[in-house]
Amino acid sequence: MLAFLSSLPVSVLRLLDTEANKFYDSSNQLYDAALLTRGYTQHALRPYIDSEINHKRHFFKISFINKGMDFIDLPSIFRDSSVISSIPAYFQNTETPIICYKYNKPVRSIIFNFNKLVSDLDIDTNTPDSCDCKNSVYCYPAAGHIITGNLKIIPDYRIRNIISKGPKYRFPSKIDFSKCRDEIAAALNEFGNRWCKREYVEHKALKDWKLSILNLVNKRISFYSQNTNLLPPKPKTSLRHLKLGIQEFHRKFVLAPADKAANNVVVV
């Protein structure tokens, strides 16, 4: 009903405002319709003073589950003219949302094991009594043990390559557009419900807005599904392989970050 009222010219709204006033009695069957009609006509016919809160952009929170999110490009979809035009005309705040991605955890928690070691209450029992560090080319003579930043000490070149990228590196996951679509649909429902609550309208008021966004998402997914050559290659090293290789390396060595050099790794 609000969508219909917002499409009417001012002259018709004035007439409706006068007619609705005749049914402004709670005992009348048309009272609810008159209440809603006058609520909108009084808002539309009186001068409206714009405020800063009506131009505030809100965060659209969504998980960055794989690289497919980059190719779908949600920010450009929110700015699309068809999406903007699908926002109800009676909404006071029609600003586009700010995308706030929640990323996967970096490899830091996988490669570093110094915290686990120093917090071990039974460290004397769980650490070896002897080692062959003195015979290694990576031995630090002043300590008599291996203390090095040379990652060539790691035998597996695939693990070595990942650790060289630094502890903030996030392991790339396989592109799955179906998961991206499901994640976007769930985030749209959550954001749309909060938006409608701020506007004091029913949740289904943004139904067309959600559909127009999902239509554009489906078109982009269809385009990249037919043009797979535009997508990056699949990751060659799996996260499972990285975890198993690092666990094996942790049996003999401790990996810790270098002081004042967050992206460098020290092997002890």
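Residues numbered from 1 in each chain as written. Predicted model: local features only at pLDDT ≥ 70, side-chain atom pairs only at ≥ 80, totals over all residues. Heavy atoms only, no water.

Peer 1: So what exactly am I meant to see when it comes to the overall build of the protein here?
Peer 2: Each helix and strand in the protein was counted, giving 13 helices and six strands. At 30 Å, the protein has a C-alpha radius of gyration far larger than the 18 Å of a compact globule built from 268 residues. Split into buried and exposed, the 268 residues of the protein put 33% on the buried side. By sequence separation, contacts in the protein at least 24 residues apart represent 71% of the contacts at least 6 residues apart. When the accessible surface of the protein is totalled, it reaches about 17,900 Å², and 53% of it is carbon and sulfur. Looking at the protein, you have 38 positive and 25 negative side-chain charges, and the mean spots of the two groups are 6 Å apart. (Helix = DSSP H or I, 4+ residues; strand = E, 2+ residues; numbered from the N terminus. Rg over C-alpha atoms; globule rule 2.2 N^0.38 Å. Buried < 20%, exposed > 50% of the residue type's maximum accessible area, 1.4 Å probe, protein only. Contact = heavy atoms within 4.5 Å. Areas by Shrake-Rupley, 256 points an atom, 1.4 Å probe, with all protein chains shown as cover. Lys, Arg positive; Asp, Glu negative; His and termini not counted. Charge placed at Lys NZ, Arg CZ, Asp CG, Glu CD.)

Peer 1: How should I be thinking about the nonpolar core in this particular structure?
Peer 2: Soluble globular proteins: nonpolar side chains tend toward being buried together. Counting 36 residues, the largest nonpolar core has Phe60, Leu74, Phe91 and Trp209 as its most contacted members. At the level of secondary structure, the elements contributing two or more residues to this core comprise strand S1 (59-63), helix H4 (68-72), helix H5 (74-78), helix H11 (177-199) and helix H12 (207-226). The leading source of residues in this core is H11, at eight residues. For Phe60, the residues in contact, after removing those within four places along its chain, are Leu74, Phe78, Pro97, Ile98, Ile99, Cys100, Ile184, Ala187, Leu188 and Phe191. (Core = buried A, V, L, I, M, F, W, Y, C linked by side-chain atoms within 4.5 Å.)

Peer 1: So what exactly am I meant to see when it comes to the pattern of salt bridges here?
Peer 2: Pairing is possible between side chains that carry opposite charge, provided their charged atoms lie close to one another. One pass over the structure, following the stated rule, counts seven salt bridges. Close ionic contact of Glu248 with Arg251 constitutes a salt bridge, the shortest N to O distance being 3.3 Å. Given the relative accessible area of 46%, Glu248 is considered partly exposed. (Salt bridge = Lys/Arg side-chain N within 4 Å of Asp/Glu carboxyl O.)

Peer 1: For this particular structure, what's the right way to read unusual backbone geometry?
Peer 2: A negative phi holds for most residues other than glycine; trans holds for most peptide bonds. Despite not being glycine, Asp73 has its phi angle at roughly 60 degrees, a positive value. You can see Asp73 is positioned in the loop between H4 and H5. The backbone phi angle of Tyr200 is positive, close to 60 degrees, even though this residue is not glycine. Mapped onto the elements of the fold, Tyr200 is located in the loop between H11 and H12. Exposure remark for Tyr200: the relative accessible area of 77% places this residue in the exposed category.

Peer 1: Sorry if this is basic, but what is going on with the packing of aromatic side chains here?
Peer 2: Each aromatic ring pair is summarised here by two numbers: the centre-to-centre distance and the angle between the ring planes. Considering all chains together, one arrives at 16 aromatic pairs under this definition. Taken together, a centroid distance of 5.1 Å and an interplanar angle of 40 degrees make the contact between Phe64 and Tyr103 tilted. Linking Phe64 in the loop between S1 and H4 with Tyr103 in the loop between strand S2 (98-102) and helix H7 (108-111), this pair joins segments that are 39 residues apart in sequence. By relative accessible area, Phe64 is classed as buried at 11%. (Phe/Tyr/Trp six-rings, centres within 6.5 Å; stacked < 30°, edge-to-face > 60°.)

Peer 1: How do you make sense of helix H3 (residues 31-45) when you look at a structure like this?
Peer 2: Residue pairs spaced three or four apart in an α-helix point in one direction, given the helix's 3.6 residues per turn. Spanning 15 residues, H3 covers 20 Å between terminal C-alpha atoms, matching the ideal 21 Å at 1.5 Å per step. When H3 is considered as a whole, its buried residues turn out to be Ala34, Thr37, Arg38, Tyr40 and Thr41. Of the surrounding secondary structure, the elements contacted by the buried residues of H3 are helix H1 (2-6) and helix H2 (10-20). (Expected span 1.5 Å × (residues − 1).)

Peer 1: How should I be thinking about the layout of surface pockets in this particular structure?
Peer 2: It is a probe the size of a water molecule, rolled over the atoms, that shows where empty space is left. In this structure, the largest pocket encloses a volume near 1,000 Å³. Lining the largest pocket we find 29 residues, and of these His250, Arg251, Lys252, Phe253 and Val254 sit closest to its centre. For the lining of the largest pocket, the leading source of residues is helix H13 (residues 239-250), giving four residues. Class assignment of the residues belonging to the lining of the largest pocket gives a composition of 14 nonpolar, seven polar and eight charged. Volume-wise, the second largest pocket comes out at about 720 Å³. Along its surface, the second largest pocket is lined by 27 residues, and Phe171, Pro172, Ser173, Pro233 and Pro235 are the ones closest to its centre. (1 Å grid on protein atoms, 1.4 Å probe; cavity = no way out; pocket = protein on both sides within 12 Å on 5 of 7 lines; lining within 4 Å. Points joined across faces, edges and corners; volume = space filled by probe spheres on them. Nonpolar A, V, L, I, M, F, W, Y, C, P; charged D, E, K, R; others polar.)

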